[in-house]
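The chain contents come next:
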Amino acid sequence: MTVLDVLANLGLLFFLFLVGLELDISAIRRTGKKALAIAIAGISVPFALGIGTSFAFRSTIVKGAPQGPFLVFMGVALSITAFPVLARILAELKLLTTDLGRMAMSAAAVNDVAAWILLALAIALSGSGSPIISLWVLLTAAGFVIAVCLFLRPVLAWMARRSPEGEPVKEVYICATLAIVLAAGFVTDTIGIHALFGAFMVGIVVPKDGPFAGVLIEKVEDLISGLFLPLYFVSSGLKTNVATIKGAKSWGLLVLVIANACIGKIGGTVVTSLFVKIPVREAVTLGFLMNTKGLVELIVLNIGRDRHVLNDESFAILVLMALFTTFITTPIVMAIYKPARKTVPYKRRTVECAAGDADTELRVLACFHTNRHIPTLLNLVEASRGTGRRRLTMYAMHLVELSERSSAISLVQRARRDGMPFFNSKEQRTEQMVVAFEAFQQLSSVRVRPMTAISDLDTIHRDVIDSAGDKRAAIVIMPYHKALHHDGTFQSLGSAYHAINKRVLREAPCSVAILVDRGLGGHAQVSAKNVSFSVAALFFGGPDDREALAYATRMAEHPGVAVTLARFQPSRPQSEEEDAADEVAVEAFKAKVGAVKDGSVRFEEAPEGNTREQVVETIESLSGFNVFVVGRMPPTAPLVERPDELGPVGSYLVSPEFRTSASVLVVKRYDPATNPKSKRFDPKARPPAATEEDVLDEEIGGGAGGGAAVVPVTQSPM
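In short, a report on the structure. (Residues numbered from 1 in each chain as written. Predicted model: local features only at pLDDT ≥ 70, side-chain atom pairs only at ≥ 80, totals over all residues. Heavy atoms only, no water.)

**Observations concerning the overall build of the chain**
Here is step 1: If you tally the helices and strands in the chain, you get 26 helices and 12 strands.
Here is step 2: Going through the 718 residues of the chain one by one, you find that 56% of them count as buried.
Here is step 3: Residue pairs in contact within the chain that sit at least 24 positions apart in sequence constitute 80% of those at least 6 positions apart.
Here is step 4: Split by element, the accessible area of the chain, about 30000 Å² in all, is 60% carbon and sulfur. (Helix = DSSP H or I, 4+ residues; strand = E, 2+ residues; numbered from the N terminus. Buried < 20%, exposed > 50% of the residue type's maximum accessible area, 1.4 Å probe, protein only. Contact = heavy atoms within 4.5 Å. Areas by Shrake-Rupley, 256 points an atom, 1.4 Å probe, with all protein chains shown as cover.)

**Re the pattern of salt bridges**
Here is step 1: If you walk through the whole model with that rule in mind, you get 12 salt bridges.
Here is step 2: For Glu587, the salt bridge is made with Lys590, and the minimal N-O distance between the two is 3.6 Å. Within this pair, Glu587 and its partner Lys590 are both found in helix H23 (residues 576-595), separated by 3 residues, close to a single helical turn.
Here is step 3: For Glu587, a relative accessible area of 41% corresponds to the partly exposed category.
Here is step 4: Connected via shared salt-bridge partners are Arg462, Asp466 and Glu507. (Salt bridge = Lys/Arg side-chain N within 4 Å of Asp/Glu carboxyl O.)

**Examining the packing of helix H5 (residues 83-92) against helix H6 (residues 99-126)**
Here is step 1: Their axes nearest at 9 Å, the elements H5 and H6 cross at an angle of 170°. In this view, H5 runs roughly antiparallel relative to H6, as classed from their interaxial angle. Where H5 approaches H6, its residues Phe83, Leu86, Ala87 and Leu90 are matched on the opposing element by Gly101, Ala104, Met105, Ala108, Ala109 and Asp112.
Here is step 2: Residues that form the contact of H5 with H6 fall into these classes: 8 nonpolar, 1 polar and 1 charged. (Axes fitted to C-alpha atoms, helices over the stretch in contact; angles between N-to-C directions. Parallel < 35°, antiparallel > 145°, perpendicular 65-115°, else oblique. Nonpolar A, V, L, I, M, F, W, Y, C, P; charged D, E, K, R; others polar.)

**A closer look at the packing of aromatic side chains**
Here is step 1: Scanning the entire structure with this criterion turns up 6 aromatic pairs.
Here is step 2: A centroid spacing of 5.9 Å and a plane angle of 65° characterise the contact between Trp158 and Tyr173, whose relative ring orientation is edge-to-face. Of this pair, Trp158 sits in helix H7 (residues 131-161) while Tyr173 sits in helix H8 (residues 171-191), and the two are 15 residues apart along the sequence.
Here is step 3: Using a relative accessible area of 40% as the deciding quantity, one classes Trp158 as partly exposed.
Here is step 4: Among the residues examined, Tyr173 registers a relative accessible area of 7% and is labelled buried.
Here is step 5: For the pair Phe540 and Phe568, a centre-to-centre distance of 4.7 Å together with 15° between the ring planes defines the contact as stacked. (Phe/Tyr/Trp six-rings, centres within 6.5 Å; stacked < 30°, edge-to-face > 60°.)

**Observations concerning unusual backbone geometry**
Here is step 1: Positive phi outside glycine occurs at Lys277, with the angle close to 70°.
Here is step 2: Mapped onto the elements of the fold, Lys277 is located in the loop between helix H11 (248-275) and helix H12 (280-290).
Here is step 3: Given a relative accessible area of 72%, Lys277 falls into the exposed group.
Here is step 4: Unlike most non-glycine residues, Arg472 shows phi in positive territory, near 55°.
Here is step 5: By secondary structure assignment, the location of Arg472 is in the loop between helix H20 (460-470) and strand E4 (475-479).
Here is step 6: Judged by its relative accessible area of 34%, Arg472 is partly exposed.

**A closer look at a negative patch on the surface**
Here is step 1: On the surface, Glu92, Glu401, Asp456 and Asp458 cluster together into a patch of negative charge.
Here is step 2: Within the element layout of this structure, Asp458 appears in the loop between strand E3 (447-455) and H20. (Patch = residues over 30% accessible without salt bridge, like charges linked within 9 Å, V, L, I, M, F, W, Y side chains within 5 Å. Lys, Arg positive; Asp, Glu negative; His and termini not counted. Charge placed at Lys NZ, Arg CZ, Asp CG, Glu CD.)

**Here's the deal with the sheet that holds strand E1 (residues 362-368)**
Pairing between sheet strands relies on hydrogen bonds along the backbone, with the strands arranged either parallel or antiparallel.
Here is step 1: One open sheet accounts for 10 strands, arranged E3-E2-E1-E4-E7-E12-E11-E8-E9-E10; its pairing is mixed. Unpaired on one side and paired on the other, E3 and strand E10 (601-605) mark the two borders of the sheet. Between one strand axis and the next, the sheet turns through 20° on average, direction left out of account.
Here is step 2: Bridge count between strand E8 (residues 533-539) and strand E9 (residues 561-567): 7 bridges; the pairing is parallel. By the bridge assignment for E9, Ala536 is matched with Thr564. (Pairing = 2+ DSSP bridges.)

**Considerations on the packing of H11 against H12**
Angle between the axes and distance between the axes: these two values describe a pair of packed helices.
Here is step 1: At a closest axis distance of 8 Å, the pairing of H11 and H12 adopts a crossing angle of 145°. When you trace H11 past H12, the crossing you get is right-handed. In contact with Lys265, Ile266, Thr269, Val270, Ser273 and Leu274 of H11, H12 contributes Val280, Ala283, Val284, Leu286, Gly287, Phe288 and Met290. (Left-handed = near helix turned anticlockwise from the far one by under 90°.)

This is the structure in structure tokens:
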């Protein structure tokens, strides 16, 4: 146990350093009045009830405990909110970027800092019986904090300045910082408050701007979170002897502690929330969210036990209280807070429908994983903006994986702080990208609305699908799950990214396009007046090809875009209705050709014959174009052996057989009959020419993860 405790406490020391690194004091200073009021009520009411509960404990099972320290320890134990645990719960419930999530996180951050100050007070009081010594400890601790701010902060700021963007941080700076953490822990332990406070203070004063803090997190986090921190939980579990809770009196005290913890935290939060005009359901949800306990609670209890303020029985009771209040949070929040899905029914769920009305704006939800997707995305949207009153609104959604690593919490803070989706500390092109989006909006007639989805990769497709419905998008543009390699081949980003695209294709409430990025327009966004792209639309027939043609027709309106429609003969028979609809679409495009006098819009009939070799030969003759626009499921035989989600033609356009520098846009038209989320869903209906992959998905269960009970992302009534 001694060896285990040493390793656990070493891990805890560095974990508290990480917590300090991720706690942004400037963000806490900007906490709104509502969140501040909720945080104060969420600390003071349970603290008062904790002091009341301590009298019941002292008269029954903790008779010899010192009164002052015991009162403060009980108050702190009941009033804590676990900031990291709360963030994880909010992320799983997809409430992290909602107003409710922001309020809960802001209040929890204030709560966290207040809890540490109260804990320092409790430790100082429990050091010895003499009030003079306790006062001396508190004053020395205050002096330590001032010294850290005055002397240590400039040293760390100097190191951060010497670590410029784009260059590796020197190893000596990392080692020096970690040594400072240990030294600060030693100093605070010598003072008489716990070693954790020194590490926590060092973390707080490390400059958060630049790569320095990010590199520190990367170096320390995996080892601490993966190995040392679990040892602390093991150590706490071994110290918890549930067998000491025996008899009606002990179980009665357990019920009393749980009741007081819940009444104080939930009641105080709910009353204050209602007072600041937060609706009842949100107020109750906020109360339960603020009632989560976690690692900080265990730290408080362990310190109390080590200082002989708590005995084994009271320690076990309070550990069970912490477990119970945390376990009930997720199911209760899921039960009481189901954001109303006020999805307004809308008709224009396809580009073709939006194109039918001259005054209708086209709403595009464009998703991207990394900054390298942005130039192509901007160039594509600029080319698709249309003319006249037919404006285009682009909702740019950054899809961010919420990893198991706690540094994701700092991502969340930064995402909400600046409201823009570019905040990954590893990519230092952030500022340039923000400027690129703002400049694009200024120089183009496209309206840009940045959004961020921070979620687990298994459920992030729900954010895309729900946001498309909320924004009444006509088309969702998803990035291809493979990235272009320097030799011209594509390498997969992973099966999780592939699964996201397949789920969005299956369940989106509008049309979906997969964008295969081969660097359209180069690695920079092309200004509107310099746009000069050639687009090839391949038309075989069917609803997907008609939707792709509608998109290409819109691109033809741009003065700098030349569109060529190549019509092929379908190799699979279609119904008469489909053939008639195809003819209408093609004739409409031919009319466009006649109306445009500069020759930028052309129509070509592919040579007779629909064998694979003939189709491939015709497509290869078009390889000099900048963009290919194709339907996902045309009525033709596959041009490659095993087509992926891009369909029989799209899969060939990204295969090594087809040598081109053209980007590819593969379009799937919205069909309510084949969409499991639509009211008009017909289980017997199937896509016109499903690939082997689609058939396999349907056999497995109609969309892995698609039926998961995930709370959708919506704006709270607040």
